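Here's the letter readout for the chains.
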Amino acid sequence: MCSNMSIRRNQTSKLRRMIMNNNNVISVLLTGIGGQGILLASDLLTMVAMEEGYDVKKSEVHGMSQRGGSVESAVRFGKKVYSPILAPGMADFLLSFEKLEALRTLDYLNDNGLIVVNDYKFDPLPVAAGLAEYPGDIIDRIKKYAKKVFVVDGMSVALRAGSMKVMNVVLIGAISKFLPFKNDAWLKVIKKRVPEKYVELNIKAFKLGSELV
Amino acid sequence: MEIEKRAILSGNEAIARGAYEGGCHVATAYPGTPSTEILENIAQYREIHSEWCTNEKVALEVAIGASFGGARAIVAMKHVGLNVAADPLFSLSYIGATGGIIIVSADDPGMHSSQDEQDNRNYAKFSKIPLLEPSDSQEAKDLVLEGFKISEKYDTPVLLRSTTRISHSKSIVKLGAREEVPIKSYHKDMLKRVILPAHARKKHIFVEERLKSLKKFSERFPYNRIEKGDNSIGIITDSVSYQYAKEIFPDATILKLTMTWPMPDELIKTFASMVRKIYVIEENDPFIEEYLKVMGIPVVGKDKIPLCLELNPYIVGVSLGKIKERKPIDKGDIPPRPPALCPGCPHTGVFNVIRKLKLIATGDIGCYTLGALSPLNALDTCVEMGASVGNAYGMQLAMKDDKNRKKIIGVIGDSTFFHSGITSLINIYYNNGITTIVILDNRTTAMTGHQGYPGTGKTLMGISGREVDLEKFIKGIGIENVYVVDPYNLKEVTVVMKREIERDDLSVIIARAPCALLPDGIKEKPYYVLADKCTGCKVCLKVGCPAISMSGNVATINKFFCVGCSLCAQICPFDAIKQVN
């Protein structure tokens, strides 16, 4: 667990030295809902960590995800990673694709953790059915506990890039600013993971995303 | 020879890779979370014949046949699948292996997608076969290779136990080349393969002797290892729990058990003599803990660490006093986000009719189990795969003088019906039952991600298989009342269902439309709400479609999610829902 995160953007090499020298592990939790492309996003993050020479593990919850339930995927990288999953207080970064899910998984963030939250709302069925209410003050509630909160509008950036479907890569682009991976490595894994005809679109989404924070 | 390559693989992908590198010839399975991707990934290796079988028992029987024929075989299933395959498993223990044979059980501690969290390590002990438990993807691959060797050397099936966190976590794996293993030529061996009582009595002695040999092997097996550290705490652990133990107690002396049955007594004794106190960190049952207690070694285990649900580093750390409990965050009220049937799901219409007719419906395992949840509330029971057919009939026997007797129906999916509903249906026919069975035929095994089954004629290797004609098959039993309905037509479903439950005879209703997520699933123009006609009565919300919600005082339909199934328009009492032109 990396507990003394005082990272600012673009400190790639400094962060790398810190991880390797102190045997730190960086943990990122991606959270959102089924259909948002979270597993592709966490694949990219896993691949870039390996590309950059780290040990890396990823976990995800399958099963009900296709049916509109909550989805979580954790990526951990460092010199040597043990647990593939995260527990409360273990995440250095929380990247949430949906506001409510950011709040739901907030316990995972450690005391110095950083959140990138997509300003996107999707009503769960009980809310749609009028049985529950979608909280109106989610960002305020998050800010009560998290010191570093970045709210981004991934959807409009994705549309600007060319498709709502690349919202996941926009958000990965945003969090990339805080992670110790070189831009070239990101581009390489995007090319490797994404079908050829969508590579350009995804690279554009990544770039626009990285300009968000 | 391939040069050494590395890849990030899930445990399931790694098991598939292990089958490939280990010279496996035949791979079988019935899909089930968290095991499904094992066979899906084996299918990419054309050197291996891979197939979806009708159920886990059949899958194991096919694998046993392949082993008889001299081939290396692997069979994969989720933990509860091994209950289905338990009958051949126990015989196979006595029979042993010809070609190496590995049974993969993917357990689900925490029940992410299962009806129980049974601990299938117990099956290894119960059936007296060796048990291998990987702690990451590299080991998942390696243990398939080791498993084939153990199987052939000791004449035994091998149980490889994964869990959700092993199967669905990715880590770095070194890839190797495939070792071609020749298929052994067949020799008839009655004593070995025909387990008549006279043979089985001899074979039981063989099984007990085999366990003794395996125990000696377990002592030297390099994957069972002591990692020396601080001797004030010793930890014995297996599977993914090993990772949590390393995370929380990086300096402890650890006995990592990878072959957990039979257990290495001498290694355990050596370890116990090295440390002052022993913690056993394992998920679910106190499998290792009880073994140590029988050996007379005092340990801390389930008295501190929870037995129910899966572990994680936090739970391990807090329960053993290594880390402090975190104060829960006050997040205020958060609405849950339960899974729901998809927009346009063909099951939704049937469940709307069941709810409207106030039927008593026995349910089964699949996407359609979600029909039990609000707002559909359409199912009364769910036991295990195939249960609904026998359950409905049994309820009718019990409630023969009850006025609701004829309201009882059994609801089962198409893949599930082939899995294990068939025998129950034949049983009702044979015993003069009058039950109504509804088969929700969405042309796929949807819940696990669209696998083929006999009713589709689509095989795992992509070769066009022969399709079982469901109606002909059921009529072939002798059942006369077999009706196919369109699940998107509520009126038709209602008429047929009402008529059939009143009938004093067994009948089968097949509600047929492809899963909405399939390429040939419903894709019509979306519907919208006429705001001036909508009275805000919320009847449409009861359809259970995630595309409909309230916007102020009127209903609204999300045009991106709506696939035009029309159920909401059929149910709206004010004719306020129309299709886009």
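The structure presented is a predicted model; accordingly, all values stated were derived computationally and were not measured. Along each chain, numbering runs from 1 in the same order as the chain's sequence is written. Chain A is the first chain written and ligand 1 is the first ligand written, with later ones labelled in order. Two thresholds apply to this predicted model, a pLDDT of at least 70 for residue-level local features and 80 or more for giving and counting side-chain atom pairs, whereas whole-chain, interface and lining totals are computed over all residues.

Peer 1: Account for the overall build of chain B, with residues named and values stated.
Peer 2: Tallying secondary structure elements over chain B gives 20 helices and 23 strands in all. Taking the principal axes of its C-alpha atoms as reference, chain B extends roughly 80 × 65 × 55 Å. Burial in this document is a count-based property: other C-beta atoms within 10 Å of a residue's C-beta are tallied, and the residue is buried at 20 or more, exposed at 12 or fewer, or partly exposed in between, with C-beta positions derived from the backbone. Counting every position in chain B, which comprises 581 residues, the buried fraction comes to 53%. We call two residues in contact if the C-beta atoms placed from their backbones are at most 7 Å apart. In chain B, of all internal contacts separated by at least 6 residues, the share reaching a separation of at least 24 is 74%. We count a stretch as a helix when DSSP gives it H or I for four or more residues in a row; a strand needs E for two or more, and each element gets its number in order from the N terminus.

Peer 1: Describe the overall build of chain A, naming the residues involved and giving the relevant values.
Peer 2: Helix and strand counts for chain A stand at 9 helices and 6 strands. Whereas a compact globule of 213 residues would reach a radius of gyration of roughly 17 Å, chain A reaches 16 Å, a difference of no more than 12%. Burial statistics for chain A: of 213 residues in total, 55% are counted as buried. Sequence separation of at least 24 residues holds for 68% of the intrachain contacts in chain A that already meet a minimum separation of 6. Here the radius of gyration uses the C-alpha set of atoms, whereas the globule reference equals 2.2 Å times the residue count to the power 0.38.

Peer 1: So what's going on with the interface of chain A and chain B? Residues and values would help.
Peer 2: Interface extent is often summarised as the accessible area lost during association of the parts. On the side of chain B, 42 residues touch chain A, which itself brings 45 residues to the contact. Those elements giving two or more residues to the side of chain A that touches chain B turn out to be α2 (38-51), β2 (55-60), α3 (99-104), α4 (125-128) and α5 (138-145) of chain A. At 6 residues, the largest contribution of residues to the side of chain A that touches chain B is made by β2(A). Its residues assigned to classes, the side of chain A that touches chain B comprises 25 nonpolar, 10 polar and 10 charged. When DSSP locates at least two bridges between a pair of strands, those strands are taken to pair. In terms of strand pairing, β2(A) meets strand β8 (residues 169-175) of chain B through 3 bridges, oriented antiparallel. Each bridged residue has a counterpart across the sheet, and for A:Ser59 the counterpart in β8(B) is B:Ser169. Throughout this entry, Asp, Glu, Lys and Arg are counted as charged residues, while Ala, Val, Leu, Ile, Met, Phe, Trp, Tyr, Cys and Pro are counted as nonpolar. The remaining residues, Gly among them, count as polar.

Peer 1: Mind laying out the sheet that holds strand β6 (residues 148-152) of chain A, listing which residues take part and the relevant values?
Peer 2: Note: strands within a sheet are paired through backbone hydrogen bonds, in either parallel or antiparallel orientation. The 8 strands are arranged β6(A)-β5(A)-β4(A)-β1(A)-β3(A)-β2(A)-β8(B)-β1(B) in an open sheet whose pairing can be described as mixed. Strands at the two margins of the open sheet, each flanked by one partner only, are β6 of chain A together with β1 (5-10) of chain B. Pairwise comparison of adjacent strand axes, ignoring direction, gives a mean angle of 20° for this sheet. Across 5 bridges, the pairing between strand β4 (residues 91-96) of chain A and strand β5 (residues 109-118) of chain A is parallel. When the sheet's bridge partners are listed, A:Ala91 is paired in β5(A) with A:Leu109. Helix axes are fitted to C-alpha atoms over the stretch in contact, other axes to C-alpha atoms as well, and angles between N-to-C directions run from 0 to 180 degrees. Here helix α1 (residues 11-21) of chain B sits on the sheet in contact with β1 and β8 of chain B, set at roughly 125° to β1(B).

Peer 1: Account for the sheet that holds strand β15 (residues 381-382) of chain B, naming residues and giving values.
Peer 2: All names here are of chain B. Read across the open sheet, the 6 strands follow the order β15-β14-β16-β17-β19-β18; overall the sheet is parallel. The open sheet has two edge strands with one neighbour each: β15 and β18 (481-485). Of the strands in this sheet, β17 (436-441), β18 and β19 (507-512) touch helix α18 (residues 470-477), which is tilted by about 165° from β18.

Peer 1: Could you give an account of the pairing of β2(A), with specific residues and numbers?
Peer 2: On any regular strand, side chains alternate: one points to one face of the sheet, the next to the other face. Residues and elements named next belong to chain A. The element β2 is extensively covered by neighbouring structure, given that 5 of its 6 residues are classed as buried. In this structure, β2 lies alongside strand β3 (residues 70-78), joined through 6 bridges in antiparallel fashion. Across the sheet, Lys57 pairs through a bridge with Arg76, a residue of β3.

Peer 1: Quick rundown of the pairing of β18(B)? Include the residues and the values.
Peer 2: Residue and element names in this part refer to chain B. The pairing of β18 with β19 spans 5 bridges and is classified as parallel. Looking across to β19, one finds that Val482 is bridged to Val508. The handedness rule is simple: strands pointing away from the viewer, and a clockwise path from the first strand over the helix to the second, make the crossover right-handed. In terms of handedness, the path from β18 via helix α19 (residues 490-502) over to β19 forms a crossover that is right-handed.

Peer 1: Tell me about helix α11 (residues 241-248) of chain B, and name the residues and values.
Peer 2: With 8 of 8 residues buried, α11(B) lies mostly within the body of the structure. Listed in full, the buried residues belonging to α11(B) are B:Ser241, B:Tyr242, B:Gln243, B:Tyr244, B:Ala245, B:Lys246, B:Glu247 and B:Ile248.

Peer 1: Can you explain the packing of helix α3 (residues 56-68) of chain B against helix α5 (residues 86-95) of chain B? Please cite residues and give values.
Peer 2: Residues and elements named next belong to chain B. One way to put it is that α3 packs onto α5 with a least axis distance of 8 Å and a crossing angle of 30°. On the basis of their axis angle, the class for α3 and α5 is roughly parallel. Contacts between α3 and α5 involve Lys57, Leu60, Glu61 and Ile64 from the first element and Asp87, Pro88, Leu89 and Leu92 from the second. A breakdown of the residues in the contact of α3 with α5 according to their chemical character gives 5 nonpolar, no polar and 3 charged. Reported orientations rely on four angle classes, namely roughly parallel under 35 degrees, roughly antiparallel over 145, roughly perpendicular from 65 to 115, and oblique for the rest.

Peer 1: Summarise the nonpolar core; cite the residues concerned and give the values.
Peer 2: Put simply, a nonpolar core is buried Ala, Val, Leu, Ile, Met, Phe, Trp, Tyr and Cys residues tied into one set by C-beta atoms within 7 Å. Core analysis: the largest hydrophobic core is formed by 160 residues, its most contacted members being B:Ala19, B:Ala29, B:Ala59, B:Ala63, B:Val75 and B:Val104. Broken down by element, the residue count for this core peaks at 7 residues, all from α3(B). Aside from chain neighbours lying at most four places away, what touches B:Val75 is B:Thr28, B:Ala29, B:Ala59, B:Leu60, B:Ala63, B:Ile103 and B:Val104. Counting 67 residues, the second largest nonpolar core, distinct from the first, contains A:Ile38, A:Val81, A:Met90 and A:Val157.

Peer 1: Give me the environment of B:Gly229: which residues, what numbers.
Peer 2: All names here are of chain B. Tracing the backbone shows Gly229 in the loop between β9 (225-227) and β10 (230-237). Owing to 16 C-beta atoms within 10 Å, Gly229 belongs among the partly exposed residues under this scheme. In the structure, Gly229 is positioned 20 residues away from Phe249 in sequence and 9.8 Å away in space, judged by C-alpha atoms.

Peer 1: Can you break down helix α8 (residues 183-193) of chain A residue by residue, with the values?
Peer 2: Residue and element names in this part refer to chain A. Taken together, the buried positions of α8 are Trp186, Val189 and Ile190. Within α8, the buried residues cover an arc of 105° as seen down the axis, which keeps them to one side. Contact partners of the buried residues in α8: α2, α7 (167-176) and α9 (199-210). In this description, one arc is meant: the one made by directions from the helix axis to the C-beta atoms.

Peer 1: Can you break down unusual backbone geometry residue by residue, with the values?
Peer 2: Residues and elements named next belong to chain B. For the bond running from Trp261 to Pro262, omega is -15°, close enough to zero to count as cis. Within the secondary structure, Pro262 sits in the loop between β12 (259-261) and α12 (265-274). The peptide bond linking Ser374 to Pro375 adopts the cis configuration, its omega dihedral lying at 10°. Residue position: Pro375 is located in the loop between β14 (360-363) and β15.

Peer 1: Describe in detail the environment of B:Pro338, supporting the description with residues and values.
Peer 2: Secondary-structure assignment places B:Pro338 in the loop between α14 (313-319) and α15 (346-356). Sequence separation of B:Pro338 and B:Ser374 is 36 residues, and the distance between their C-alpha atoms is 9.9 Å. Sequence-distant contacts of B:Pro338, that is, excluding residues within four places in its chain, are made with A:Gly69, A:Leu125 and B:Leu373.

Peer 1: Can you tell me about the environment of B:Tyr430, naming the residues and giving the values?
Peer 2: All names here are of chain B. Along the polypeptide, Tyr430 turns up in helix α17 (residues 414-430). A tally of 10 C-beta atoms within 10 Å means that Tyr430 is categorised as exposed. C-alpha separation for the pair Tyr430 and Gly478, spaced 48 residues apart in sequence, amounts to 9.6 Å.

Peer 1: Break down the confidence of the model for chain B for me, with residues and values.
Peer 2: Confidence scores here are pLDDT values: one per residue, from the predictor, ranging 0 to 100. Residues at a pLDDT of 70 or more form 99% of chain B, whose mean pLDDT is 96. Put simply, strand β21 (residues 548-551) of chain B is where chain B has its lowest mean pLDDT, 90, and strand β6 (residues 131-132) of chain B is where it has its highest, 99.

Peer 1: Which residues make up the confidence of the model for chain A, and what values do they have?
Peer 2: Of all residues in chain A, 92% have pLDDT values of 70 or greater, and the mean over the chain is 91. Counted against residues more than four places away or in other chains, residues 1-6 of chain A, with its pLDDT under 50, gives 14 contacts.

Peer 1: Go over the packing of α8(A) against α9(A), please, and point to the residues and values.
Peer 2: Residues and elements named next belong to chain A. Where α8 contacts α9, the axes come no closer than 9 Å and their chain directions differ by 145°. In terms of crossing hand, the pair formed by α8 and α9 is right-handed. Between α8 and α9, the residues in contact are Trp186, Leu187, Ile190 and Lys191 and Val199, Asn202, Ile203 and Phe206, respectively. Its residues assigned to classes, the contact of α8 with α9 shows 6 nonpolar, 1 polar and 1 charged. By convention the crossing between two helices is left-handed if the near helix lies anticlockwise of the far one by an angle smaller than a right angle, and right-handed if it lies clockwise.

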